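One letter stands for each residue in the lines below.
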Amino acid sequence: ALAAAILVRGNLTLTVALQFLSNPLTSGPIFVATYLLGDGLLAAAQLRPAEPAAAITLALVLGGLVLGVLVAGALHVFVRHLHRRDQAERAQLA
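Just so you know, these numbers come straight off a predicted model, no measurement behind them.

## Section: unusual backbone geometry
One non-glycine residue, Gln46, adopts positive backbone phi at about 55 degrees. By secondary structure assignment, the location of Gln46 is in the loop between α3 (24-44) and α4 (52-93). What makes Gln46 exposed here is its relative accessible area of 72%.

Printed below as a string of structure tokens:
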């Protein structure tokens, strides 16, 4: 994937990040964390469906949404911090 991104002049950072996230070694822990979070939230709210397939699906969806929002928020704060630091460094050089 990295070689293909270089050949077509694609975004290398995004390519590496997506490959890391879709790597089979990381998919398992991500699914487990997502399910456990969603299942815990459903249990706390006493909203767990009686049908096992529905319970698993709902736990994955809910956990994925919550985990996605938390990770996106943390990365947003981190990138804003880096951007502000970069702007301050550029201002000092000017």
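## Topic: the environment of Ala5
Its place among the elements puts Ala5 in helix α1 (residues 2-7). For the pair formed by Ala5 and Val16, sequence separation is eleven residues and the distance between their alpha carbons is 9.5 Å. Contact partners of Ala5, with chain neighbours within four places excluded, come to Gly10, Leu12 and Thr15.

## Quick look at α4
Taking 1.5 Å per residue as the helical rise, α4 with its 42 residues ought to reach 62 Å, and the 61 Å between its terminal C-alpha atoms agrees with that figure. Turning to α4, its buried residues number three or more, namely Ala55, Ala59 and Gly63. Residues of α4 that are buried in the fold lie against α3.

## Section: the pattern of salt bridges
Throughout the structure, instances matching the rule amount to two salt bridges. The salt bridge partner of Arg48 is Asp39, with a shortest N-O separation of 3.1 Å. Taking the relative accessible area as the measure of exposure, Arg48 reaches 44% and is therefore partly exposed. Judged by relative accessible area, Asp39 falls into the buried class, the value being 17%.

## Side note on the packing of α3 against α4
One can describe the packing of α3 onto α4 by two numbers: an axis separation of 7 Å at closest approach and a directional angle of 105 degrees. In terms of axis orientation, α3 runs roughly perpendicular to α4. Taken together, the residues of α4 that come into contact with α3 (itself represented by Phe31, Thr34, Tyr35, Leu37, Gly38, Asp39, Leu41 and Leu42) are Ala55, Ile56, Leu58, Ala59, Leu60, Leu62, Gly63, Gly64, Val66 and Leu67. Its residues assigned to classes, the contact of α3 with α4 comprises 13 nonpolar, four polar and one charged.

## Quick word on a nonpolar patch on the surface
Among the surface-exposed residues, Leu14, Leu18, Phe20, Leu21 and Ile30 lie close enough to one another that they form a single nonpolar patch of about 490 Å² accessible area. Broken down by element, the nonpolar patch gets its largest block of residues, four residues, from helix α2 (residues 12-22). Inspection of the secondary structure assignment puts Ile30 in helix α3. Taking relative accessible area as the criterion, Ile30 reaches 37% and is therefore assigned partly exposed.

## Quick notes on the side chain of Thr26
Within the element layout of this structure, Thr26 appears in helix α3. With residues near it in sequence (within four places) discarded, Thr26 still touches Phe20 and Leu21.

Rules of the game
- By convention here, each chain's residues receive numbers from 1 onward along its written sequence.
- Totals for whole chains, interfaces and linings use every residue, but because this is a predicted model, local features are given only for residues with pLDDT of at least 70 and side-chain atom pairs only at 80 or more, for both listing and counting.
- Remark: hydrogens and water are excluded; side-chain values derive from all non-hydrogen atoms of the structure.
- Counting from the N terminus, the helices are the DSSP runs of H or I reaching at least four residues and the strands are the DSSP runs of E reaching at least two.
- Classification of residues uses two cut-offs on accessible area relative to the type maximum, computed with a 1.4 Å probe and protein chains only: under 20% is buried, over 50% is exposed, and between them is partly exposed.
- Residue contacts are counted whenever heavy atoms from the two residues lie within 4.5 Å of one another.
- Helix span is expected to be 1.5 Å times the residue number reduced by one.
- Criterion for a salt bridge: a side-chain nitrogen of Lys or Arg within 4 Å of a carboxyl oxygen of Asp or Glu.
- Whenever a helix is involved, its axis is fitted only over the stretch in contact; in every case the axis is a line through C-alpha atoms, and angles between N-to-C directions fall within 0 to 180 degrees.
- Should an angle fall under 35 degrees it is taken as roughly parallel, and over 145 as roughly antiparallel, whereas 65 to 115 is taken as roughly perpendicular and any remaining angle as oblique.
- Three residue categories are used. Nonpolar comprises Ala, Val, Leu, Ile, Met, Phe, Trp, Tyr, Cys and Pro, charged comprises Asp, Glu, Lys and Arg, and polar comprises the others, including Gly.
- Within this analysis, patches are made of residues with over 30% relative accessible area and no salt bridge. Like charges are joined at 9 Å or less; nonpolar side chains (Val, Leu, Ile, Met, Phe, Trp, Tyr) at 5 Å or less.
- Note on areas: Shrake-Rupley, 1.4 Å probe, and residue coverage restricted to the protein chains presented here.

Functional significance is not addressed by these values, which are geometric in nature.
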